[in-house]
Amino acid sequence: MENAAMTLLNAEMLLVHDLSWMASARCKGHGDLFFSPLFERPTAREVRETAAKSYCARCDVQEDCREFARINHEYGFWGCENEAERVGAGYSLNAPVGVRRRRSA
């Protein structure tokens with residue numbers, strides 16, 4: 001019952017959160033910079049995230065974006081922050097950074 005209550009609470013947070021800021025985000029149409037492909041190598045990730053950071057640095061909604069990712073436990077590069085940086089700031093993810101869910105047999 002407790003897990004169901006937490007799931008409902010998380011869904012309500014997402015629904016209540018004002019998403020109007022997304023219309024002004026500089027990253028629109030550039031998802032490939034903000035979300036890693038499967039099997040991305042660390043050096044490729046650094047290059048991709050450096051490019052993503054340059055978009056975020058000039059974005060007017062950076063703080064809203066970062067807050068959204070932190071509250072909703074998002075993966076990817078949001079508000080000039082990657083998953084590891086969000087975890088380092090005290091926010092959790094639904095699964096540990098770098099761990100992929102196992103396929104069921």
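Up top is the structure.
Note that the structure is a prediction, hence the values are computed from the model and not measured.

(A) Fine view of the packing of aromatic side chains. Within this structure, the stated rule accounts for 5 aromatic pairs. Ring geometry for Phe35 and Trp78: centres 6.0 Å apart, planes at 80°, overall edge-to-face. One end of the pair, Phe35, is in the loop between α2 (31–34) and α3 (42–57); the other, Trp78, is in the loop between α4 (62–71) and α5 (83–88), with 43 residues separating them in the sequence. A relative accessible area of 38% means that Phe35 is categorised as partly exposed. For the ring pair Phe68 and Trp78, a centre distance of 5.2 Å and an interplane angle of 40° mean the geometry is tilted. Placement of the pair is Phe68 in helix α4 and Trp78 in the loop between α4 and α5, with a sequence separation of 10 residues. When sorted by exposure, Phe68 lands in the same class as Trp78, which is buried. Taken together, the ring pairs in this structure connect Trp21, Phe35, Phe68 and Trp78 into an aromatic cluster.

(B) Focus on the layout of surface pockets. Its boundaries defined by the atoms lining it, the second largest pocket holds a volume of some 240 Å³. As for the second largest pocket, its lining consists of 18 residues, and the residues nearest its centre are Trp21, Ala25, Cys27, Cys65 and Trp78. Elements that contribute at least two residues to the lining of the second largest pocket include exactly α2, α3 and α4. A breakdown of the residues in the lining of the second largest pocket according to their chemical character gives 13 nonpolar, 3 polar and 2 charged.

(C) View of the pattern of salt bridges. Across all of its chains, the model carries 6 salt bridges by this definition. Put simply, Glu81 and Arg70 hold a salt bridge, and the shortest N to O gap is 2.6 Å. Taken as a pair, Glu81 in the loop between α4 and α5 and Arg70 in helix α4 lie far apart in primary sequence, 11 residues in all. The class for Glu81 is buried, based on a relative accessible area of 7%. Look at the salt bridges and you will find they share partners, linking Glu40, Arg45, Arg48, Glu49 and Glu83 into a network.

What counts and what doesn't
- Residues numbered from 1 in each chain as written.
- Predicted model: local features only at pLDDT ≥ 70, side-chain atom pairs only at ≥ 80, totals over all residues.
- Heavy atoms only, no water.
- Phe/Tyr/Trp six-rings, centres within 6.5 Å; stacked < 30°, edge-to-face > 60°.
- Helix = DSSP H or I, 4+ residues; strand = E, 2+ residues; numbered from the N terminus.
- Buried < 20%, exposed > 50% of the residue type's maximum accessible area, 1.4 Å probe, protein only.
- 1 Å grid on protein atoms, 1.4 Å probe; cavity = no way out; pocket = protein on both sides within 12 Å on 5 of 7 lines; lining within 4 Å.
- Points joined across faces, edges and corners; volume = space filled by probe spheres on them.
- Nonpolar A, V, L, I, M, F, W, Y, C, P; charged D, E, K, R; others polar.
- Salt bridge = Lys/Arg side-chain N within 4 Å of Asp/Glu carboxyl O.

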